[in-house]
Amino acid sequence: MQLNTEKSKSNFISKINIVSSYIWLVSTLGFIIVILLSTKWFTHDPCYGSGCVEHVYLLPMLLTLSFGCLFFGLMILSGLIKIIKKTDQWTPPFNIGSWKIVAINIFVLSLFGVYFIASMRNGVNFGGTYTGNDLFNAVNEYRARKNLGALQLSEGLCDNLVSRWQAVKNDKQHEGFEDWVKTEGIQSQYGYKQVVELYIKSPTPQGAIEFWTNSPGHKIQIDNPQWTDGCAYANENIGVVVMGNK
């Protein structure tokens, strides 16, 4: 009778270890999915604050992260107890134990890491000589010198602006701009009545401003006082500025 009780306790520790590893794997997958959805597969800089579009992802992200950390710790603790007390091994479904789950989780995290690094190197953050913020500030500095209203940084206009940058980089320029406005809900969701786009290939933000101000069509837009909001993205000496009003 005592032997059966000890065996039951031994199996219980093993069950905790294996079940914890399963929950850790599910939490990891859930966290990765939330991150990919909220960043639109790393093409969008998300805002998780109150009132932001990605705010709905905040709770799932925190829950999956918390569960992952909790059950990872529980898996490690129960695993140490198994080793120290040399407990019996409980046979899990499909014979997939905690070590196999750890291997699967490491593989999943490695794939996610490779995709993340590849996304960054493909024009999201790396390799640029100046940033969208630098270009945005240059536009506002020019407008200040002309006594025009400063553009307010807009979440709506920034939403997935990197996709427009990628289109310009691929020589599509203004092609597809109206579709982008419609897809991202710039007018329907964020309420912008008019939206305009400027793009440039220039080694500096100042060079971009100089080109636009020396081009009559571009100068009309950058000098237009009706534009109140804006956003910019720049990388690899290519910049895109979107301006609008509500």
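Please read these numbers as outputs of a predicted model, since none were measured by experiment.

Caption draft 1: View of helix α4 (residues 132-145). The end-to-end C-alpha distance of α4, which contains 14 residues, comes to 20 Å, matching closely the 20 Å that a straight helix rising 1.5 Å per residue would cover. For α4, every residue scored as buried is listed here: G132, L135, F136, A138, V139, N140, Y142 and R143. Each element contacted by the buried residues of α4 is listed here: β1 (152-153), α8 (205-213), α9 (216-222), β3 (229-235) and β4 (238-245). N147 sits one or two residues past α4 and shows a positive phi near 60 degrees.

Caption draft 2: Broad picture of a nonpolar patch on the surface. Nonpolar side chains collect at one region of the surface, where F72, I76, L80, I83 and I84 lie side by side and expose about 510 Å² of accessible area between them. Of the residues examined, I83 reaches a relative accessible area of 59% and is grouped as exposed.

Caption draft 3: Spotlight on the pairing of β4. Of all eight residues that make up β4, eight are buried, and the element is covered over most of its length. Judged by which residues are buried, β4 turns out to be covered on both faces: I238, V240, V242 and G244 on one side and G239, V241, M243 and N245 on the other are all buried. In this sheet, β4 lies alongside strand β2 (residues 194-201) in antiparallel orientation, the contact comprising eight bridges. What sits directly across from E197, in β4, is V242. Bridge count between β3 and β4: seven bridges; the pairing is antiparallel. In the strand pairing of β4, C231 is matched with V242. Counting the residues in the hairpin turn of β3 and β4 gives two residues, including E236, whose phi is positive at 50 degrees.

Caption draft 4: Structural detail: the packing of aromatic side chains. The final tally for this structure, using the stated rule, is five aromatic pairs. Ring geometry for F67 against F71: centres 6.0 Å apart, planes inclined by 10 degrees, an arrangement best described as stacked. Here the residue F67 and the residue F71 both occupy positions in helix α2 (residues 58-85), the gap between them amounting to four residues, near one helical turn. You can call F67 partly exposed: its relative accessible area is 40%. On the accessibility criterion, F71 (15% relative accessible area) is buried. Ring centres of W165 and Y233 lie 5.5 Å apart, and the angle between their planes is 70 degrees; this geometry places the pair in the edge-to-face category. Note that W165 is positioned in helix α6 (residues 161-169) and Y233 in strand β3, a separation of 68 residues in sequence. Relative accessible area serves as the criterion here: at 15%, Y233 is assigned to the buried category. Lying across the ring of Y192, K246 places its NZ or CZ 4.9 Å from the centre.

Caption draft 5: Quick look at the state of the cysteines. As enumerated under the stated definition, the model contains one disulfide in all. Residue C158 pairs covalently with C231 via a disulfide, S to S 2.0 Å. In this structure the cystine formed by C158 and C231 twists about its S-S bond by roughly 105 degrees; its chirality is therefore right-handed. Taken together, the residues span a long stretch of sequence, with C158 in helix α5 (residues 155-158) and C231 in strand β3 at a distance of 73 residues.

Caption draft 6: Highlighting the pattern of salt bridges. Within the structure shown, the criterion is met by three salt bridges. In this structure, E197 engages R164 in a salt bridge whose closest nitrogen and oxygen atoms are separated by 2.8 Å. Separated by 33 residues along the polypeptide, E197 in strand β2 and R164 in helix α6 bring together distant segments of the chain. Using a relative accessible area of 3% as the deciding quantity, one classes R164 as buried. When the shortest N-O distance is used, the salt bridge between K169 and E236 registers 3.1 Å. With K169 in helix α6 and E236 in the loop between β3 and β4, this residue pair connects regions lying 67 residues apart in the sequence. K169 sits in the partly exposed class, given a relative accessible area of 32%.

Conventions used here
Residues numbered from 1 in each chain as written. Predicted model: local features only at pLDDT ≥ 70, side-chain atom pairs only at ≥ 80, totals over all residues. Heavy atoms only, no water. Helix = DSSP H or I, 4+ residues; strand = E, 2+ residues; numbered from the N terminus. Expected span 1.5 Å × (residues − 1). Buried < 20%, exposed > 50% of the residue type's maximum accessible area, 1.4 Å probe, protein only. Contact = heavy atoms within 4.5 Å. Patch = residues over 30% accessible without salt bridge, like charges linked within 9 Å, V, L, I, M, F, W, Y side chains within 5 Å. Areas by Shrake-Rupley, 256 points an atom, 1.4 Å probe, with all protein chains shown as cover. Salt bridge = Lys/Arg side-chain N within 4 Å of Asp/Glu carboxyl O. Pairing = 2+ DSSP bridges. Phe/Tyr/Trp six-rings, centres within 6.5 Å; stacked < 30°, edge-to-face > 60°. Lys NZ or Arg CZ within 6 Å of the ring centre and 35° of its normal. Disulfide = S-S within 2.5 Å.

These figures come from the coordinates and say nothing about function on their own.
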